[in-house]
Amino acid sequence: MPGNWVARVGLRLLHRDTFEMMLSPAIADLQFETIARSAARPGDYCAVFRALLGALWFDLSSDLLALKSDAETIALLTLLQTSYYTFMLVLLSGLGTGTLAAFEMDSELVTRALSYVAGVTVACLLTSSACFWPPRRTCQTRAED
Amino acid sequence: MLDLLESSERYGLELVDASGGRLKRGSIYVTLGRMEAKGFVASRQEDRAPGAIGLPRRLYRPTAYGLKVRDAYRLLRDALALKPAEAK
C-alpha cells in the first residue's frame, strides 16, 4: 500500500497523537485516492511529506515548550557538568599546576579558553536537555502492508 | 475552514476541493491537527467496511467552541474594518 513506509517513519519520529491527528489522515487520503485512481501521483506524495514535516515541526515546538517547565533543573545540571569538565580541562591544560605565570594572557588565549568553555557548555546543555526530552514511542507499530 | 465544515462532516481532501483552491493539500492536515489541538474542530475515524485496506480516513466537524471563536473573529474583523468615511 502506498504511504506505508511514511507511516512507519512517522510512527518512529512523532508522538502518537501527532501521528493520529496530522500524518495518518494525509496517508489515508493518499491511499484512498490511489485505490480510486489505481496510481499515486507525485503531488499526492508531496502533500504527505509536507504533512510529515509540519507534524515534526509541531512536535519539536511542543517539546521545546515542555522543556521550559524543567528549565531551572536543566540549567543547574548544565552548570554542574560545565564546571566539572571545565575544571578537568584546566587541569589537563597545565593551568592548575602552578604554571599559570608562564602563560601570557593575551586576547588569543582568552578567546580560545572561552571557546572551549562555550563548547563544553553547549555539549552539557544538549545532554541535560536529552535527559528531560519528552518520550517518543520506542516500539514500532506494525503498519498495514 | 470552519465555514466549510459547518454544513456537514468532511474529509481533508473534501475541504481542499470545496475551498476552490484557497486551501492547499500539503498544509490542510497540519492545520486541522492544530485546530483540533486547540479544540476548534473534532474528528473521528470513518466507519470501515470489513476487509477494507489502507489506513482509516478521518472526518472533521466544528465544535461549538470553534463556531463561537469564528463568530467572535467575524465580529472583531467587522469592528476593526475601516468604513469608507473613516478611511480618509
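Residues numbered from 1 in each chain as written. Chains lettered and ligands numbered in written order. Predicted model: local features only at pLDDT ≥ 70, side-chain atom pairs only at ≥ 80, totals over all residues. Heavy atoms only, no water.

Undergrad: So what about the interface of chain A and chain B? Which residues, and what values?
TA: Taken together, the contact between chain A and chain B spans 24 residues of the former and 20 residues of the latter. Approximately 2,000 Å² of surface area, both sides summed, lies buried where chain A meets chain B, with 60% of it carried by carbon and sulfur atoms. One can count 3 salt bridges joining chain A with chain B. For B:R57, the salt bridge identified is with A:D29, shortest N-O distance 2.7 Å. There are 6 residue pairs in polar contact (both at pLDDT 80 or more) connecting chain A and chain B. (Contact = heavy atoms within 4.5 Å. Buried area = accessible area lost by both parts, 1.4 Å probe. Salt bridge = Lys/Arg side-chain N within 4 Å of Asp/Glu carboxyl O. Polar contact = N/O pair within 3.5 Å; in protein donor to acceptor, adjacent residues only side chain to side chain.)

Undergrad: Go over the packing of helix α3 (residues 42-68) of chain A against helix α3 (residues 25-38) of chain B, please, and point to the residues and values.
TA: The packing of two helices is summarised by the inter-axis angle and the distance between the axes. The N-to-C vectors of α3(A) and α3(B) enclose an angle of 35°; their axes lie 6 Å apart at closest approach. At the point where α3(A) passes α3(B), the crossing takes the right-handed sense. Within the contact between the two elements, α3(A) uses A:D44, A:A47, A:R50, A:A51, A:G54, A:A55, A:W57 and A:F58 and α3(B) uses B:R25, B:G26, B:S27, B:Y29, B:V30, B:R34 and B:A37. In terms of residue class, the contact of α3(A) with α3(B) is built from 8 nonpolar, 3 polar and 4 charged. (Axes fitted to C-alpha atoms, helices over the stretch in contact; angles between N-to-C directions. Helix = DSSP H or I, 4+ residues; strand = E, 2+ residues; numbered from the N terminus. Left-handed = near helix turned anticlockwise from the far one by under 90°. Nonpolar A, V, L, I, M, F, W, Y, C, P; charged D, E, K, R; others polar.)

Undergrad: Lay out the sheet that holds strand β2 (residues 41-45) of chain B in plain terms, naming residues and giving numbers.
TA: Strand order in this open sheet of 3 strands is β1-β3-β2 (chain B), and the pairing throughout is antiparallel. Edge positions in the sheet fall to β1 (10-11) and β2 of chain B, since each has one partner strand and no second. (Pairing = 2+ DSSP bridges.)

Undergrad: I'd like a rundown of the pattern of salt bridges, residues and numbers included.
TA: Counted according to the given criterion, the structure contains 11 salt bridges over all chains. B:R25 is the salt-bridge partner of A:E33, the closest N and O atoms lying 2.7 Å from each other. A residue pair is termed interchain when its members come from two chains, as with A:E33 in helix α2 (residues 16-37) and B:R25 in helix α3. Taken as a pair, A:E33 and B:R25 share a single burial class, namely buried. (Buried < 20%, exposed > 50% of the residue type's maximum accessible area, 1.4 Å probe, protein only.)

Geometric descriptors of this kind do not, in isolation, establish any biological role.
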